[in-house]
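# Observations on chain architecture
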Amino acid sequence: MSAKQPDYDVIAIGAGFAGLAVIHYIREAGLSVKVFDRASDIGGTWTWNRYPGAATDSESFYYCLTFSKEILQEWQWSQRYAGWEETLRYMHFVADKCDMWPHIQLDTDIVSADYQEDSGWWQLIDGSGATHTSKYFVSAMGMISQPVMPNITGSNQFSGPCFHSSRWPQEGLDYAGKRVGIIGCGATTVQMMPAMAETAANVTVFQRTPNFVMPAVQKPITDEWEAKIKGDYQTIIDKCRNHVFGMSFDSPVGRNISDTDPEEVQRILEEHYPRGSFSFVFETFDDLLGDANSNEVISEFLRSKIQEKVNDPEVAELLMPKGYPLFAKRPPLDHGFYEAFNRDNVHLVDIKDREPIKEITETGIRTTENDYEFDIIVLATGFQAYTGALEALDIRGKNGLLLRDKWHAVSGSIMGVFVAEFPNMFMITGPQAPFANLPTSIEQNVMYITDCIKKMESEAYDLCLPQQSAEDEWVAHTAEIHAQTLMAQGDKVNSWMMGANLENKKPRVLIYFGGANVYYDKLRESVDTGFPEVQFEKLAG
Ligand code: NAP
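Residues numbered from 1 in each chain as written. Predicted model: local features only at pLDDT ≥ 70, side-chain atom pairs only at ≥ 80, totals over all residues. Heavy atoms only, no water.

Let us now look at the site of the ligand. As a structural note, the neighbourhood of the ligand is formed by 25 residues, with Ala55, Cys185, Thr188, Thr209 and Lys329 the closest of them. Residue Ala187 places a main-chain N or O atom 2.9 Å away from an oxygen atom belonging to the ligand. Trp496 has a polar side-chain atom sitting 2.8 Å from an oxygen atom of the ligand. Relative to its unbound accessible surface of 910 Å², the ligand loses 89% to contact with the protein. Taken together, the residues of the shell around the ligand sort by class into 12 nonpolar, 9 polar and 4 charged. (Near = heavy atom within 4 Å. Polar contact = N/O pair within 3.5 Å; in protein donor to acceptor, adjacent residues only side chain to side chain. Areas by Shrake-Rupley, 256 points an atom, 1.4 Å probe, with all protein chains shown as cover. Nonpolar A, V, L, I, M, F, W, Y, C, P; charged D, E, K, R; others polar.)

Dropping the structure here:
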């Protein structure tokens with residue numbers, strides 16, 4: 001090994017939850033670490049998605065990092081679901097408290113990351129042409145961060161602001177009294193539309209595929225509730241660690257729709273619905289994601305709620321998801337989404353069957369039937385999930401192999417962390433990791449990565465070589481499980497969970513659906529057995 005040293009032991013891209021976790025765990029291991037981010041603030045998702053109404057869908061008290069018991073006790077969440085401002089304030093609190101700022105370089109767009117065959121290091125180049133080297137390279141870029149820009153003619157002709165929802169103007173946007181058009185009707189619009197409708201002149205939503213939307217039921221975290229949370233935080237942390245979706249729920253519940261009396265099923269659904277949160281699916285019955293008949297029962301229940309909430313039967317009908325099971329698309333939580341359609345200033349346009357969009361014009365949106373005039377157009381058209389951020393820059397592994405080329409047909413990995421042919425590179429929540437409460441998964445991933453790096457350092461290894469055989473095994477295992485779930489039907493409805501929302505790519509298996517808890521166990525087993533998925537080597541010399 002050369003006597004020269006790289007600039008840092010670890011470089012990570014992305015200063016969101018994942019980047020902060022990397023700083024904590026790597027620094028704790030006694031190594032040097034730098035995190036780059038192209039944004040002007042930390043926060044990742046929570047700095048980019050500043051749209052009105054943006055909030056977590058996990059409850060705030062477990063949508064957080066758990067490494068500091070002190071921070072868990074000191075930080076006060078005001079509401080059950082924290083808005084973007086509060087989440088961002090929390091992240092600043094963590095960064096301040098843990099003195100993380102010296103490890104963070106903002107306004108730095110990394111354009112390439114190249115594995116260096118001779119030294120075994122990674123060399124990153126930023127937008128200014130500056131180079132940065134490290135022994136280990138970590139992607140902390142987030143699994144829903146790279147936007148999908150719709151292929152609609154004319155978006156640059158529009159005379160007013162027209163932007164992707166995740167590129168909300170950082171300085172804010174005055175939409176009071178303005179006419180707003182929103183293209184897309186996913187989780188983002190479900191949150192954004194009711195908030196904007198309160199002060200906008202009008203809001204028109206252009207919908208292709210309706211979603212199953214469940215109530216969030218926002219409420220303040222009272223002193224009593226806070227005392228209960230903080231009195232036994234470890235139980236909440238343990239619940240997340242042991243839950244299929246990394247959330248603090250009591251499931252499985254030991255009850256299936258298929259063997260419960262139909263009247264009792266309805267009673268249980270009615271009882272849970274007003275409580276809000278994903279508890280509605282995780283604490284009612286255990287067979288919703290695997291049994292098509294049971295899924296249809298709960299899907300029909302949710303459709304009946306749309307009918308109850310939306311006054312205009314025609315609008316209610318348009319909002320009802322049909323022809324696919326609940327969870328084939330990721331269901332959003334709502335804060336008055338359906339009720340907002342009862343306002344005079346909110347309109348729904350069906351662009352699937354009735355009037356597809358033809359183009360964006362200078363003054364608004366032209367469909368096959370109408371011209372709609374707007375002052376602002378928001379493209380809430382989703383993300384290139386899991387792989388998009390990694391494919392947006394040039395990441396080259398052994399023999400100059402580009403990651404995006406390797407992933408042309410199959411976005412394979414080992415447990416969403418390693419990729420064969422990319423030595424000393426780690427991903428946090430990469431493709432084929434589970435989809436779960438993100439801070440839980442992020443921390444489990446970062447602890448795993450840190451354990452691997454610690455082993456290399458203590459045993460003086462230079463290279464960590466992910467094995468192709470282990471990748472093939474994980475790809476096959478993930479595909480097998482995926483095929484057994486109802487989520488596999490997501491390709492029928494453009495689900496981002498399998499990349500079916502991308503026009504230039506075929507749907508693919510992007511998520512390990514074997515249970516986040518099972519996955520976290522697998523990570524621990526890998527640590528305990530010395531990381532059999534990778535080969536460790538020392539460079540000669
Ligand atoms: P999304 O769920 O993928 O929704 C994108 C929407 O845009 C869909 O309605 C889609 O229609 C439509 N669309 C895409 N391309 C279009 C085109 N060319 N023409 C017309 N319509 C088009 O994206 P999202 O709402 O941003 O949410 C993505 C994910 O981010 C969520 O599922 C969630 O995991 C995460 N998120 C989380 C939160 C939270 O936790 N609080 C909030 C927001 C987002 P089709 O369905 O027909 O393709």
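Continuing now.
Sheet architecture is open: 3 strands sit in the order S13-S14-S15, paired in antiparallel fashion. The sheet terminates laterally at strand S13 (357–360) and strand S15 (371–373), the two strands that pair on one side only. Within this sheet the neighbouring strands show an average axis-to-axis angle of 20°, counted without direction. Note: S13 against strand S14 (residues 364–367), 3 bridges, orientation antiparallel. Paired with Ile360 across the strands is Ile365, a residue of S14. (Pairing = 2+ DSSP bridges. Helix = DSSP H or I, 4+ residues; strand = E, 2+ residues; numbered from the N terminus. Axes fitted to C-alpha atoms, helices over the stretch in contact; angles between N-to-C directions.)

Quick look at the sheet that holds strand S7 (residues 162–164) now. Pairing within the open sheet is parallel, and its 5 strands lie in the order S7-S16-S8-S9-S12. Edge positions in the open sheet fall to S7 and strand S12 (346–350), since each of these has one partner strand only. Between one strand axis and the next, the sheet turns by 20° as a mean value, whatever way the strands run. Sheet topology note: the S7/strand S16 (residues 376–379) ladder contains 3 bridges and is parallel. If you follow His164 over to S16, its bridge partner there is Leu379. Strands in contact with helix H5 (residues 187–197) are strand S8 (179–183), strand S9 (202–207), S12 and S16; relative to S9, the strand with the most contacts, it is inclined by about 160°. (Contact = heavy atoms within 4.5 Å.)

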